[in-house]
Amino acid sequence: MKKPYEKPVITKVETGLMNKFGNAPYYARKVRTAIDGVSIDALVQQFGSPLFVLSERQLRENYRKLYRAFAARYPNVQFGWSYKTNYLQAVCAVLHQEGAFAEVVSLMEYEKARRLGIPGEKIIFNGPYKPVEILEQAAAEGALINIDHFDEIADLEAVAKKLGKQIRVGIRVNMDTGIYPQWSRFGFNLETGQVMDAVKRIQAGGHLVLTGLHCHIGTFIMEPDAYAQETAKLVQLKYSIEEHFGYQIEFLDIGGGLPSRNRLKGTYLPPEILLPSVEEYAEKITQALYDHLKPGDFPTLVLENGRAIVDEAGYLITTVVASKRLPDGRKAYIADAGVNLLFTAFWYKFTVEMDRDLPGVNESCVIYGPLCMNIDVLDEGTSLPPLERGTRLIFSPVGAYNQTQWMQFIEYRPSVVMVMEDGTVEVIREQEDLSDIERRERLPEKLQLNSIAAE
Amino acid sequence: MKALTAIVRAVLHSYAEIFFLQSPVVGAILFLTTFLNPTLGVAGILSVLAAYAFAKFLKMDKTFLETGFYTYNALLVGLSIGFLFKISVITIFFVLVAGVLTFVVSVLLANVFGTYFRLPILSIPFAIISSVLYLSVSRYTNLFVTSLYPKFTLQVLEENVPYFLAGYFKSLGAIFFLPNVLAGCIFALLLFGTSRILFFLSLVGYYTGSAFLFILKGSWYAAFADLSNFNFILVAMAVGGVFLIPARQSYWIALVAVLLSTLVLSATEVFWAAYGVPAFTLPFNSITIMLLYVLGLVGFPFVAQVIRKTPEETLDHFLTFQKRFPGTLRTLHLPFAGEWTVWQGFDGRWTHKGQLKYAYDFVITDEQGKTHTEDGSELQHYYAYRKPVLSPVRGRVVTVVSHLPDNPIGQVDRENNWGNYVVIYDLRGFYVEISHFAQDSLKVREGDWVEVGSFLGLCGNSGYSPQPHIHVQVQRTAEVGSPTLPFSFVSYVANQEFHANDLPPEKSKVRPVFADSAIANRLSFYLDNTFTYQVFDQDRQAGSVSMTVKMAVDGTFYFDTGKGKLYFGRDAGTFYYYRLDGRDPHLQMMFSAAPRIPLIAEKDIRFTDFLPLKISVGTFRRSVLLFFASFHHAVGTSRFVGTIRSRGVLEGTVYPVGSATPIATRVVLDDIFGIREIRVGDRKMVLVETTFGED
């Protein structure tokens, strides 16, 4: 077969040895022909491209690994599954089967958890805006509501009066744990004494019973000591509240923020080297608990993990639909999926794998998505051999936030499938068509176009 | 008025005590029966009142007086005087003095026997005092002897009842100095009505003893005619039903005791007859007390630790207690957090042998049963490595060794078998040793006080340890390697089942549970908390009930409704109902709805418990069942299987003995405090009001 013509370019020869950043460009080209034993070809043939693929096995393994790291160190551990990270029903169901509570932050997420069959008492309700109607439902159903601000105390007291019962609540706390940026917008500040004011206010009202403390120090936290500090401060706060107000603090919720094995843009070392292991986080956090808790006092330790569990269980299969040469000499490819589907491309540099081994030396290239927007870039600079049209590229890890933050912009959102532990593949969200997008639309009578045509 | 009721109850109790029962009703019937011989009746009650009044005069503690425990001997002495003398001013005076004397001797002996031998005094004071009186009256010619005159008897009965039956009834009557068939019949009915076991024992005792006498004497008539044969009845009842737990073994011992007492009886009779004194209860007292002492000494398993109002109740309590609280008194928590696997248990395959056989080893395994990731060639691959080790008991740290290195995989340290270890002294009188800590990971020092769950150090691979694991054992002394003692683990979950006090088998995966403070707080009742419940029967309102938390003298707490007392308590990670005193259907409902509540919130955890028949079975069926259960203990308890459905919601099933229909139960804890809903079958109690008592 005749080779297609390509304009000659000059590329730097890479020797194939590892560079100082831990990459070996030649060998770094990665080939993936299957996900959990199901071939990429078969997946695309059956479900089309692009295609999100989630691995049930990976999901469960990640959960268990993380849970075991904590549960083997501390007696009372409860995970809350952070819905906003990925609230596809199948994903939530798998994690609920593993024992996680639902951690929701809005009316929509609360309703989602309830529809999935999660009882109120297994829902942790965070978030800065909780409309009164859903607060009332959550309180009636015994959900664990973590209060974010003073106005919410008033709202909840009104709800308590209406329901004629006391409501068990937690409060959200923000604090300095030695990292930057300090997340200070959620809850009440510890260092300025705002927390104690809130507790005083709760006690003065008499309608709420404070049973827990919640804190979320940030996201993708790469320093285990930050959690140790957070934990220590929460324990001290617990005892100070118990001593001064007589409440029994039954749970300490240290929030989420544990990183996934993803690579933040601007970091040079690969995540395996850069990121501490979950064991290190667990050891630091539980040691802080043992150092500060009274012996034999084991309040429930709650963690609201998201990305650390689901990110690595997600893959996106895309197809190279075209290639071109940019004026600066770099190769550019256009894939059938862009930032409309991979929102996290704005801060992660994903692992890119090919579905086949291709000849040729690696060259610098850019991968664009299908959108008519300049920002639609999946990878600004990676190193791949010349790709044939139709080559599948597999992006990972993409399980976190993409299926909740994706946007419907000029494209249909593709199918999401889950490779089950038994090797079967289930569609967990069907590909959209026009009816999904127009279902809620109403075209006023006078704007009906067919009537114009008829005239 | 209240004071008067208390006196009446105490006096009636003195009567019932003679048949080892605690019931004012039985006492009242016995009291009335003594008036078959009015002299007897009057003398008896006078003697009791004299003793009681004297005790009152001494300002003796109320709780002592309520039982009739110190006054039944006075009653017997009074009866013995009334039996002999006609009532006159002199006799009355004589009776009063004798009553006081008996009381003094009773208190004295009760203290000596109770303190030094942990034995009951039975009717020793009576046997002594009456013998003394009978001896002394030979000098007192002013007393009018009535025993030579005919007394009231029902001739029809006396003449028509065959002699072998008459002998039994007369002997039974003779216990109250009423050696006639009528009194015997009344007592027999009373015994049968109150306790089938006592009735059965009275028959067995009487006829065994009499038969033995017949063999020795050669005459059935002579064997049955001896009124002192009531000693056989008392011995059989006391040994077989009261001081030993009713059981086949106990019944055999009761028979042996009866045979022994025949010899003592004959000997006593010969000796005392020379002085004109009857044998009274001397044979019964000497044999019973001797046997009890010896049985206690050799550790006979059925010596009753708790004696209730009837042998049936004692048995019910014993059987339930045995099943509800297996395991040992040396209770340890599992020394870690999370799920670990038993690698080696008591009398294990590898190292738990001989003097060191009471020990446990734990490792962590994954779904595939492996203890490590990758190829297991490095310590870091092992799941157990550097996991926290927590104190299994509260006590004082006596030894800490922390400097030994962790062996690489494939090597063991034969010099220092125990590796890095701690020894903790538990105040209950034993030492706990935990081994193989990681080097320098121990955070406690010698002399530190630790609580259950205190952080000790990290699991390592020091000492004779082929892979990282935790070794725990209980020792008699502080020296590491000293002989080990049996122990058991409290409050853990294995295979989704909650175990309150048990030993997990090898290879089982176990996880300690520490009380979830959210659940525990709702069941932390304190004094004067009052709960009012609305009661529903098949969803129709059926009244309401209030209960208040009170404390007994021994420091245990109970719910008091006025009609009954439901004792409860918390041990390790479990809330228990221990027992119900009195009859209150609502408290009974609370008990059977969930006899124990594991203080954990995880759902779908099962647990098993056992209910006393008093709680789970109706009165009639219970009386039959308990009689049979005394021969075959396995039928004596109703099983309860519970499941934690969700946080604070418990569902259970009661399987009453001898009934094919299980009863569904449900308990819902209140969001804030107490128990909100209790459901047993069609009946339901719903909390409507909680008051917290005075601040």
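About the criteria used
Residues numbered from 1 in each chain as written. Chains lettered and ligands numbered in written order. Predicted model: local features only at pLDDT ≥ 70, side-chain atom pairs only at ≥ 80, totals over all residues. Helix = DSSP H or I, 4+ residues; strand = E, 2+ residues; numbered from the N terminus. Buried ≥ 20, exposed ≤ 12 C-beta atoms within 10 Å, placed from the backbone. Contact = placed C-beta atoms within 7 Å. Nonpolar A, V, L, I, M, F, W, Y, C, P; charged D, E, K, R; others polar. Domains from an automatic or database assignment. Expected span 1.5 Å × (residues − 1). Pairing = 2+ DSSP bridges. Axes fitted to C-alpha atoms, helices over the stretch in contact; angles between N-to-C directions. Parallel < 35°, antiparallel > 145°, perpendicular 65-115°, else oblique. Left-handed = near helix turned anticlockwise from the far one by under 90°. Core = buried A, V, L, I, M, F, W, Y, C linked by C-beta atoms within 7 Å. pLDDT = per-residue confidence, 0-100. Arc of directions from axis to C-beta.

Visitor: Explain the overall build of chain A residue by residue, including any values.
Guide: Counting secondary structure elements, chain A contains 15 helices and 21 strands. Taken along the three principal axes of its C-alpha coordinates, chain A extends 85 × 70 × 45 Å. Counting only residues that meet the buried cut, chain A has 46% of its 455 residues in that class. Here the contacts in chain A between residues at least 6 apart in sequence split such that 69% fall between residues at least 24 apart.

Visitor: An account of the overall build of chain B is requested, with residue identities and associated values reported.
Guide: When helices and strands are counted, chain B shows 20 helices and 25 strands. In chain B, which comprises 695 residues, the proportion classed as buried is 50%. Long-range contacts, defined as pairs at least 24 residues apart, comprise 63% of the intrachain contacts of chain B with a sequence gap of at least 6.

Visitor: How would you explain the interface of chain B and chain A if you had to name every residue and give the values?
Guide: Listed by partner, the interface residues are 22 residues for chain B and 23 residues for chain A. Per-element tally for the side of chain B that touches chain A: the top contributor is helix H17 (residues 517-522) of chain B, with three residues. Per-class residue counts for the side of chain B that touches chain A are eleven nonpolar, six polar and five charged.

Visitor: So, the domain arrangement of chain A: which residues are in play, and what are the values?
Guide: Residue and element names in this part refer to chain A. Domain boundaries in chain A define domain 1 (25-53 + 312-438) and domain 2 (56-309). Facing 19 residues of domain 1, the contacting portion of domain 2 comprises 19 residues. If you list the elements that add at least two residues to the side of domain 1 that touches domain 2, you get helix H13 (402-405), strand S20 (416-419) and strand S21 (425-429). The element contributing the most residues to the side of domain 1 that touches domain 2 is S20, with three residues. Within the side of domain 1 that touches domain 2, the residues separate by chemical class into eleven nonpolar, three polar and five charged.

Visitor: Could you give an account of helix H10 (residues 181-194) of chain B, naming the residues involved and the relevant values?
Guide: A rise of 1.5 Å per residue sets the reference length of H10(B), with its 14 residues, at 20 Å; its end C-alpha atoms lie 20 Å apart and thus fit the reference within 8%. Inspection of H10(B) places Val181(B), Leu182(B), Ala183(B), Gly184(B), Ile186(B), Phe187(B), Leu190(B), Leu191(B) and Thr194(B) among the buried residues, and these make up the whole buried set.

Visitor: Got a sec to walk through the pairing of strand S13 (residues 300-303) of chain A? Specific residues and values, please.
Guide: Residue and element names in this part refer to chain A. Side chains Thr-300 and Val-302 project from S13 onto one buried face, and the interleaved Leu-301 and Leu-303 project onto a second face that is buried too. One ladder, built from three bridges, connects strand S5 (residues 77-82) with S13; its direction is parallel. By the bridge assignment, Gln-78 is partnered in S13 with Val-302. Note that strand S12 (residues 251-253) and S13 share three bridges and pair parallel. In the strand pairing of S13, Leu-252 is matched with Leu-301.

Visitor: For the pairing of strand S22 (residues 649-655) of chain B, give the residues involved together with the corresponding values.
Guide: Residues in a regular strand point their side chains to alternate faces of the sheet. Residues and elements named next belong to chain B. With burial as the criterion, only one face of S22 is covered, namely that bearing Leu-650, Gly-652 and Val-654; the residues Val-649, Glu-651, Thr-653 and Tyr-655 on the opposite face remain uncovered. Of the pairings in the sheet, the one linking strand S21 (residues 638-646) to S22 comprises seven bridges and is antiparallel in character. Each bridged residue has a counterpart across the sheet, and for Arg-639 the counterpart in S22 is Tyr-655. If you look at the hairpin formed by S21 and S22, you'll find two residues sitting between the two strands, and Gly-648 has a positive phi there, around 80°. Here six bridges tie S22 to strand S23 (residues 663-669), and the two strands are oriented antiparallel to one another. Across the sheet, the residue bridging to Val-654 is Ile-663, located in S23.

Visitor: Tell me about the domain arrangement of chain B, and please be specific about residues and values.
Guide: If you check the domain split of chain B, you get domain 1 (1-150), domain 2 (153-304), domain 3 (333-486) and domain 4 (518-691). On a C-alpha basis, the centroid separation for the pair domain 2 of chain B and domain 3 of chain B is 58 Å.

Visitor: Give me the packing of helix H9 (residues 224-245) of chain A against helix H11 (residues 278-292) of chain A: which residues, what numbers.
Guide: Describing two packed helices takes the angle between their axes plus the distance from one axis to the other. Residues and elements named next belong to chain A. Running from N to C, H9 and H11 cross one another at 25°; their axes reach a closest spacing of 8 Å. Here H11 runs roughly parallel to H9, going by the angle between their axes. Here the hand of the crossing between H9 and H11 comes out right-handed. Contacts between H9 and H11 involve Pro-224, Asp-225, Tyr-227, Ala-228, Thr-231, Ala-232, Val-235 and Gln-236 from the former and Glu-280, Tyr-281, Lys-284, Ile-285, Gln-287, Ala-288, Leu-289 and His-292 from the latter.

Visitor: Any chance you could break down the environment of Ile334(A) for me, citing the residues and the numbers?
Guide: All names here are of chain A. Mapped onto the elements of the fold, Ile-334 is located in strand S15 (residues 331-335). Taking the C-alpha atoms as reference, Ile-334 lies 9.5 Å from Leu-378; in sequence the two are 44 residues apart. Those residues in contact with Ile-334, other than ones at most four positions away along the chain, are Val-321, Ala-322, Tyr-368 and Pro-370.

Visitor: Would you mind going over the nonpolar core in detail, with residue names and values included?
Guide: Judged by nonpolar contacts, the single largest core of 218 residues is most densely connected at Val53(A), Ile123(A), Ile145(A), Leu156(A) and Phe395(A). What Leu156(A) contacts, discounting residues up to four positions off in sequence, is Leu135(A), Ala139(A), Ile145(A), Ile147(A), Ile167(A), Val169(A) and Leu208(A). Counting residues in each nonpolar core, the second largest holds 108 residues, with Phe20(B), Leu30(B), Leu234(B) and Ala254(B) among its members.

Visitor: Just give me the short version of the confidence of the model for chain B, but keep the residues and values in it.
Guide: Residues and elements named next belong to chain B. Across chain B, pLDDT averages 89, with 97% of residues at or above 70. Per-element mean pLDDT across chain B ranges from 66 in helix H4 (residues 62-66) up to 96 in strand S6 (residues 421-426). With a pTM of 0.74, the predicted complex shows an ipTM of 0.80.

Visitor: Provide a residue-level description of unusual backbone geometry, including the pertinent values.
Guide: Of note, the bond from Ser49(A) into Pro50(A) is cis; its omega dihedral lies within 30 degrees of zero at -5°. Topologically, Pro50(A) is positioned in the loop between helix H2 (40-47) and strand S4 (51-55). Along the chain, Tyr180(A) connects to Pro181(A) via a cis peptide bond; the corresponding omega equals -5°. On the secondary structure map, Pro181(A) appears in the loop between strand S9 (167-174) and strand S10 (188-189). In this model, Asp36(A) sits at a positive phi of 50°, which is unusual for a non-glycine residue. As for its position among the elements, Asp36(A) is in the loop between strand S2 (34-35) and strand S3 (38-39). Its identity is not glycine, yet Gln496(B) carries a phi of approximately 65°, on the positive side. If you trace the backbone, Gln496(B) turns up in the loop between strand S11 (488-494) and strand S12 (497-502). Given 14 C-beta atoms within 10 Å, Gln496(B) falls into the partly exposed group.

Visitor: Help me get a handle on the packing of helix H13 (residues 230-243) of chain B against helix H14 (residues 248-273) of chain B, residues and values and all.
Guide: Residue and element names in this part refer to chain B. For the pair H13 and H14, interaxial distance at closest approach is 8 Å and the crossing angle is 150°. Regarding H13 and H14, the two cross each other, and that crossing is right-handed. Residues Asn-231, Phe-232, Val-235, Ala-236, Val-239 and Gly-240 of H13 touch H14, and the partners they reach there are Ser-250, Tyr-251, Ile-253, Ala-254, Ala-257, Val-258, Ser-261 and Leu-265. Across the contact of H13 with H14, the residue classes break down as ten nonpolar, four polar and no charged.

Visitor: Let's hear about the environment of Leu36(B): which residues, and what values?
Guide: If you trace the backbone, Leu36(B) turns up in the loop between helix H2 (24-34) and helix H3 (38-57). Taking the C-alpha atoms as reference points, Leu36(B) and Gly167(B), 131 residues apart in sequence, are found 19 Å from one another.

Visitor: Describe H2(A), with residues and values.
Guide: All names here are of chain A. Buried within H2 we find Ile-40, Leu-43 and Phe-47. Down the axis of H2, the buried side of the element spans an arc of 65°, and every buried residue falls inside it. Set apart from the buried face of H2 by more than 90 degrees, the exposed residues are Ala-42 and Gln-45. In the stretch just after H2, Gly-48 is the one whose phi turns positive, near 85°.

Visitor: Can you break down the environment of Leu427(B) residue by residue, with the values?
Guide: Along the chain, the position of Leu427(B) falls in the loop between S6 and strand S7 (430-435). For Leu427(B), a count of 9 C-beta atoms within 10 Å puts it in the exposed group.

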